[in-house]
Amino acid sequence: MASHSRTSARGNSGGGGARIGSGAKIRGRVSGSGDLTVDGSIEGEVSVRGNLVVNESGSVKGDAVDADSITVAGTLEADGQVTGQLRVLVGSRVRCNVKGGIALDEGAEFSGRIDADFDLPPELEGGGHSGRRGRN
Amino acid sequence: MASTVIGAGITIDGEITTDEDVVVEGTIRGKLTAKDSVSIEAGAVVEADVIGGPLTVAGTVTGNITSSDRVDLQGGAKVIGNVKATRITIADGAQFKGNVDMDV
């Protein structure tokens, strides 16, 4: 999960994906397959089978966000569920409830609920109250 | 490279507004407004009113097209809707159903 470098976060759309330029604003739903790079702003819902990258100037605000991985250097504010491997880079502002996994860089601003699946260490397993095990 | 690219795999239901240029290879339903050039590539499906600067269409547009400059319907383009621009070309092989308003 920590394999996203700053440079890979700057990747462009490539085949089939989309790039929202810094002067562009989308209001509505963005869906489909392919990577989505946001330098501008999206207000609404995002559901892509691919990587979502929100660059420094970019912002995604609105409802649910669903992507394979989500890398944020700009702003992400979601009232609905955020699903995917979320990486919050330094300088970004993120407010959401995330399900999947999260990596927070030092200096990143995050508020919200984290629902991450992971294996409990053996000494905590079978301890009674928190028996949740996950895929990762 | 264009500022904003809507790739072939992507669908947007809603409104896109930009003061830059746009390349559409995927699907847009709603409205597309750009201050700079708009290119609707072959295979793209736009069910929306399109407003832009220089506008090139090689894909399918269902909706009205308005350009502050020129509109080029290329071979293979399919446009159902009215086109308003100062200069318009319709290439051989382009399908077009609608009115042309050249503001004369």
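This text follows the structure it describes.
Summary of the structure given here. (Residues numbered from 1 in each chain as written. Chains lettered and ligands numbered in written order. Predicted model: local features only at pLDDT ≥ 70, side-chain atom pairs only at ≥ 80, totals over all residues. Heavy atoms only, no water.)

Each partner contributes residues to the interface: chain B has 20 residues there, and chain A has 22 residues. Where chain B packs against chain A, one counts zero salt bridges. Counting the contacts that link chain B with chain A gives 14 residue pairs in polar contact (both at pLDDT 80 or more). Going through the elements one at a time, β1 (4-6) and β2 (10-18) of chain B are the ones with two or more residues in the side of chain B that touches chain A. Residue contributions to the side of chain B that touches chain A peak at nine residues, all from β2 of chain B. Looking at the side of chain B that touches chain A residue by residue, the class counts come to eight nonpolar, eight polar and four charged. (Contact = heavy atoms within 4.5 Å. Salt bridge = Lys/Arg side-chain N within 4 Å of Asp/Glu carboxyl O. Polar contact = N/O pair within 3.5 Å; in protein donor to acceptor, adjacent residues only side chain to side chain. Helix = DSSP H or I, 4+ residues; strand = E, 2+ residues; numbered from the N terminus. Nonpolar A, V, L, I, M, F, W, Y, C, P; charged D, E, K, R; others polar.)

This brings us to the nonpolar core. The biggest cluster of nonpolar side chains holds 53 residues, and the ones touching the most others in it are L36 and L86 of chain A together with I40 of chain B. Excluding residues within four positions of it along the chain, L36 of chain A makes contact with A18, I20, V30, I42, V46, V48, N51, L52 and V53 of chain A. (Core = buried A, V, L, I, M, F, W, Y, C linked by side-chain atoms within 4.5 Å. Buried < 20%, exposed > 50% of the residue type's maximum accessible area, 1.4 Å probe, protein only.)

The next subject is the pattern of salt bridges. All names here are of chain A. For the structure on display, the rule yields 15 salt bridges over all chains. The partner of R19 in a salt bridge is D39, with the nearest N and O atoms 2.9 Å apart. Taken together, the positions of R19 in strand β1 (residues 18-20) and D39 in the loop between β3 (36-38) and β4 (41-49) put the pair 20 residues apart, joining distant regions of the chain. Note on R19: relative accessible area 21%, which makes it partly exposed. In this structure, the salt-bridge partner of R95 is E77, at a minimum N-O distance of 3.6 Å. Here E77 lies in strand β7 (residues 75-88) and R95 lies in strand β8 (residues 93-104), a separation of 18 residues in the sequence. For R95, a relative accessible area of 36% corresponds to the partly exposed category. Its relative accessible area of 16% is what places E77 among the buried residues. One salt-bridge network, in which partners are shared between bridges, spans E77, D79, R93, R95 and E109.

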